[in-house]
Amino acid sequence: MAITKDDIIKALEEMKLTELNDLVKAIEDHFGVVAAAAVAAPAAGGGAAAAPSEVSVMLTNAGGNKVSVIKIVKEITGLGLMDAKKLVDGTLPVAIKENVKVEEAEEMKKQLMEAGASVDLK
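Rules and cut-offs
Residues numbered from 1 in each chain as written. Predicted model: local features only at pLDDT ≥ 70, side-chain atom pairs only at ≥ 80, totals over all residues. Heavy atoms only, no water. UniProt positions renumbered as here; feature names shortened; annotations may be inferred. Helix = DSSP H or I, 4+ residues; strand = E, 2+ residues; numbered from the N terminus. Buried < 20%, exposed > 50% of the residue type's maximum accessible area, 1.4 Å probe, protein only. Areas by Shrake-Rupley, 256 points an atom, 1.4 Å probe, with all protein chains shown as cover. Pairing = 2+ DSSP bridges. Contact = heavy atoms within 4.5 Å. Core = buried A, V, L, I, M, F, W, Y, C linked by side-chain atoms within 4.5 Å. Salt bridge = Lys/Arg side-chain N within 4 Å of Asp/Glu carboxyl O.

As annotated in an unreviewed UniProt entry, the protein chain carries the name Large ribosomal subunit protein bL12 and is attributed to Spiroplasma helicoides. The UniProt entry for the protein chain carries this comment under Sequence similarities (unreviewed entry): "Belongs to the bacterial ribosomal protein bL12 family." Its UniProt record, at the heading Function (unreviewed entry), says of the protein chain: "Forms part of the ribosomal stalk which helps the ribosome interact with GTP-bound translation factors. Is thus essential for accurate translation."

Engineer: Explain the overall build of the protein chain to me, using residue names and the numbers behind them.
Structural biologist: Along its length, the protein chain carries six helices and three strands. Along the protein chain, helices and strands appear, N-terminal first, in the series α-α-α-β-α-α-β-α-β. Of all 122 residues assigned to the protein chain, the portion counted as buried reaches 20%. Total accessible area on the protein chain stands at roughly 8,500 Å², and carbon and sulfur atoms take up 57% of it.

Engineer: Tell me about the pairing of strand β1 (residues 54-61), residues and numbers included.
Structural biologist: With five bridges joining them, β1 and strand β2 (residues 94-101) adopt antiparallel strand pairing. Note on β2: the bridge partner recorded for methionine 58 is alanine 95. In the sheet, β1 pairs with strand β3 (residues 118-121) via four bridges, with the strands oriented antiparallel. By the bridge assignment, methionine 58 is partnered in β3 with aspartate 120.

Engineer: Can you explain the environment of valine 57? Please cite residues and give values.
Structural biologist: Turning to its location among the elements, valine 57 is positioned in strand β1. Judged by its relative accessible area of 0%, valine 57 is buried. Distance in space between the C-alpha atoms of valine 57 and alanine 95 is 5.7 Å, their sequence separation being 38 residues. Residue contacts for valine 57: discarding those within four places in its chain leaves Val94, Ala95, Ile96, Lys97, Ala105, Met108, Leu112, Val119, Asp120 and Leu121.

Engineer: Residue-level account of the nonpolar core, with values.
Structural biologist: Within soluble globular proteins, side chains that are nonpolar tend to cluster in buried spots. Ranked by size, the top nonpolar core spans 20 residues in total, and within it Val57, Leu59, Val69, Val73, Val88, Ile96 and Leu112 carry the most contacts. Those elements that place two or more of their residues in this core are β1, α4 (66-77), α5 (81-89), β2 and α6 (102-114). Here the element with the most residues in this core is α4; it accounts for five residues. In contact with isoleucine 96, other than residues within four places in its own chain, are Val57, Leu59, Val73, Ile76, Thr77 and Leu87.

Engineer: Explain the pattern of salt bridges to me, and be specific about the residues and the numbers.
Structural biologist: Overall, the coordinates contain two salt bridges when judged by the stated rule. Residues joined by salt bridges that share partners form a network here, namely Lys66, Lys85 and Asp89.

Engineer: I'd like a description of unusual backbone geometry, backed by residues and values.
Structural biologist: Along the chain, leucine 92 connects to proline 93 via a cis peptide bond; the corresponding omega equals 0 degrees. Position of proline 93 relative to the elements: it lies in the loop between α5 and β2. Phi is positive for asparagine 99, close to 55 degrees, though the residue is something other than glycine. Within the fold, asparagine 99 resides in strand β2. Accessibility expressed as a relative area gives 58% for asparagine 99, which makes it exposed.

Following this line, the structure appears as structure tokens:
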């Protein structure tokens, strides 16, 4: 009878971290490969997640210069001026843009913070 994926996952759940580490090393040696850090980190780190490749830009506070923040939100989102104003004036925190590459999100955060807003990346 063949071993199923569920059987393997169940066996892995029951293993200690040192046993998982030894298993990864044995697989690397047997197949002549090196486990990528993103794959090895959860096994060796006890469930530590890899850094996300996409994040959401969250406006947490519009700050004192709302007009500038609204203009930047309009530019980032492609919304009309009134819709951008409603977004900034609405309930905070609010997602300005979702599923954005980290580099782009950092640039958006920088623009918004220069205008006086408080921004988080999630």
